[in-house]
Amino acid sequence: FPSLLLEPGQSLIVFASDKDRTDPTEPLHTNFKLTTDGEYLGLLDPNGMTIHDYAPSFPVQQEDISYGLIADIYSQTVIAPFNQARALVPTSDNSLADWKEIEFDDSDWLSGTTGIGYDTSNDFSPYIGLDIQELMYGQSTTAYIRINFEWMPEDMVGLPLELSMQYDDGFACWLNGIPVALANSPDLDELDWNSHANDTRDDEAAIAPEAFELDSESWLLVEGMNTLAIQALNDNATSPDLLLSPTL
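Residues numbered from 1 in each chain as written. Predicted model: local features only at pLDDT ≥ 70, side-chain atom pairs only at ≥ 80, totals over all residues. Heavy atoms only, no water.

Considering the nonpolar core
Here is a general trend for soluble globular proteins: nonpolar side chains tend to be buried in one another's company. Where we set the bar: The set of buried Ala, Val, Leu, Ile, Met, Phe, Trp, Tyr and Cys residues whose side-chain atoms join them within 4.5 Å is what this entry labels a nonpolar core. When accessible area is computed with a 1.4 Å probe and restricted to protein chains, residues below 20% of their type maximum are described as buried, those above 50% as exposed, and intermediate ones as partly exposed. Strands are runs of DSSP state E lasting at least two residues, helices are runs of H or I lasting at least four, and both sets are numbered from the N terminus onward.
Residues Phe 149, Leu 163, Phe 171, Phe 212 and Leu 228 are the most contacted members of the largest nonpolar core, which totals 35 residues. Top contributing element to this core by residue count: strand E9 (residues 142–151), with five residues. In terms of nonpolar packing, the next biggest core, distinct from the first, is built from 11 residues, Trp 99, Trp 109, Trp 174 and Ala 229 among them.

Concerning the pairing of strand E4 (residues 50–54)
The condition is simple: Strands are treated as partners if at least two bridges between them are detected by DSSP.
Direction of pairing for strand E3 (residues 41–44) relative to E4: antiparallel, over a ladder of four bridges. Note that in E4 the partner of Leu 44 across the bridge is Thr 50. The turn joining E3 and E4, which pair antiparallel and follow one another in sequence, is formed by five residues; a positive phi near 90° is taken by Gly 48.

With respect to the side chain of Asn 226
Keep this limit in mind: In protein, a polar contact requires one atom able to donate a hydrogen and another able to accept it; more generally it is a pair of N or O atoms within 3.5 Å, and residues adjacent in sequence count only if both atoms are side-chain atoms. Contact criterion: two residues are considered in contact whenever any of their non-hydrogen atoms come within 4.5 Å of each other.
Mapped onto the secondary structure, Asn 226 falls in strand E14 (residues 224–233). Classification of Asn 226 as buried rests on a relative accessible area of 0%. A polar contact of 2.7 Å, which involves the side chain of Asn 226, links it to the backbone oxygen of Val 222. Discounting residues that sit within four places of it in the chain, Asn 226 has contacts with Ile 102, Ile 147, Asn 148, Phe 149, Trp 151, Asn 176, Leu 220 and Leu 221.

Let's talk about the sheet that holds strand E15 (residues 241–247)
Within the open sheet, the five strands sit side by side as E8-E7-E15-E10-E13. Their pairing is mixed. Among the strands making up the open sheet, the edge pair consists of strand E8 (130–131) and strand E13 (210–214). In this structure, strand E10 (residues 161–168) lies alongside E15, joined through five bridges in antiparallel fashion. Paired with Ser 164 across the two strands is Thr 247, which belongs to E15.

Brief notes about the layout of surface pockets
Note the cut-off: The distinction between a cavity and a pocket rests on a 1 Å grid over the protein atoms alone: a 1.4 Å probe fits inside a cavity but cannot get out, while a pocket stays open yet meets protein on both sides within 12 Å along at least five of seven lines, and a residue with an atom within 4 Å of a point counts as lining. Grid points are joined across faces, edges and corners, and a volume is the space filled by probe spheres set on the points. Gly counts as polar in this scheme, as do all residues outside two lists: the nonpolar Ala, Val, Leu, Ile, Met, Phe, Trp, Tyr, Cys and Pro, and the charged Asp, Glu, Lys and Arg.
Taken as a whole, the largest pocket holds about 1300 Å³ of empty space. Taken together, 38 residues line the largest pocket, and the ones lying closest to its centre are Phe 1, Val 14, Thr 30, Leu 41 and Leu 43. Breaking the lining of the largest pocket down by element, the ones donating at least two residues are strand E2 (28–29), E3 and E4. Tallied by class, the residues present in the lining of the largest pocket amount to 22 nonpolar, 12 polar and four charged.

Description of the packing of aromatic side chains
Short version of the rule: Stacked, tilted and edge-to-face are the three classes assigned to paired rings of Phe, Tyr and Trp, where Trp is represented by its six-membered ring and a pair needs centres within 6.5 Å; plane angles under 30 degrees give stacked, over 60 edge-to-face, the rest tilted. A ring is scored as having a charge over it whenever the NZ atom of a lysine or the CZ atom of an arginine sits within 6 Å of its centre and within 35 degrees of its normal.
Tallied over the full model, the rule gives nine aromatic pairs. Geometrically, the ring pair formed by Tyr 167 and Phe 212 is tilted, given 6.4 Å between the ring centres and 55° between the ring planes. Of this pair, Tyr 167 sits in strand E10 while Phe 212 sits in strand E13, and the two are 45 residues apart along the sequence. Across this residue pair, the class does not change: Tyr 167 and Phe 212 are buried. Here Lys 100 stacks its cationic end above the ring of Trp 174, 4.9 Å away from the centre of that ring. Of note, Arg 201 hangs over the ring of Tyr 167, and the distance from its end group to the ring centre comes to 3.8 Å.

Here's the deal with the pairing of E10
Here E10 lies mainly inside the structure; six of its eight residues are buried. Across five bridges, the pairing between E10 and E13 is antiparallel. Opposite Leu 161, over in E13, you have Leu 214 as the bridge partner.

Topic: the environment of Val 222
The topology assignment puts Val 222 in the loop between E13 and E14. According to the relative accessible area criterion, Val 222 is partly exposed, its value standing at 33%. Residues Val 222 and Met 152, spaced 70 residues apart in sequence, show a C-alpha to C-alpha distance of 7.7 Å. Discounting residues that sit within four places of it in the chain, Val 222 has contacts with Ile 102, Trp 151 and Asn 176.

Focus on the pattern of salt bridges
This is how it is decided: We define a salt bridge as a contact between a side-chain nitrogen of Lys or Arg and a carboxyl oxygen of Asp or Glu at a distance within 4 Å.
The full count for this structure, using the stated rule, is three salt bridges. Taking the shortest distance from any N to any O, the salt bridge between Asp 106 and Arg 86 comes out at 3.7 Å. Note that Asp 106 is positioned in the loop between strand E5 (84–88) and strand E6 (110–113) and Arg 86 in strand E5, a separation of 20 residues in sequence. Owing to a relative accessible area of 25%, Arg 86 belongs among the partly exposed residues under this scheme. Of the charged contacts, one joins Asp 106 and Arg 146 as a salt bridge, the two residues approaching to 2.8 Å between their closest N and O atoms. Note that Asp 106 is positioned in the loop between E5 and E6 and Arg 146 in strand E9, a separation of 40 residues in sequence. The burial state of Asp 106 is the same as that of Arg 146; both residues are buried.

Structural data, given as structure tokens:
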């Protein structure tokens, strides 16, 4: 192998093709092939020290099925479905400039569990914990949502954050006041208290969780209390339904 530096989380594919290609700027190929019947395969350092090997051999291989080490996967859910949340349907932007921040006082907001929304035909009913139809249907296209959660640094140091969202029709999301995800929404510099989604979404798409990979830098989270703030967006005020249900 040529001299290459892999950063944390990076990987390198080397083709066992017998083409013997070692240009580090191009795909790498070994000067040998591997048999599907199984044989010895080892990764050694320049001094001959074994880093890893399949001894006495790797097993018989199957076409189009990969073989290798099993990865240790660790995950922690800090915001689960039917998590405690607070919601507000704004009627103006007065006194709400910092509603996305951890320190914001939301004690007078509606309290309930996610998902948050409504459905005049009850299709979303199994997914809704806090119904805001009375405040929103026919009156507004925006709802503000705040979810507080505890985090300790030893829980997930260096691990990526994934936001899984069921939503209809759109949303913008902030973690501790920092924008982290946007879908079917106006750009952040155009977002206002009465903004609406760019388009409508199909109900089947809305209930299928969509994953958003968030910035993996741990500075997004702080020790102790953190806040996920979400602006839920409908395409119009008379839309028959709204759904916003996050998992983090």
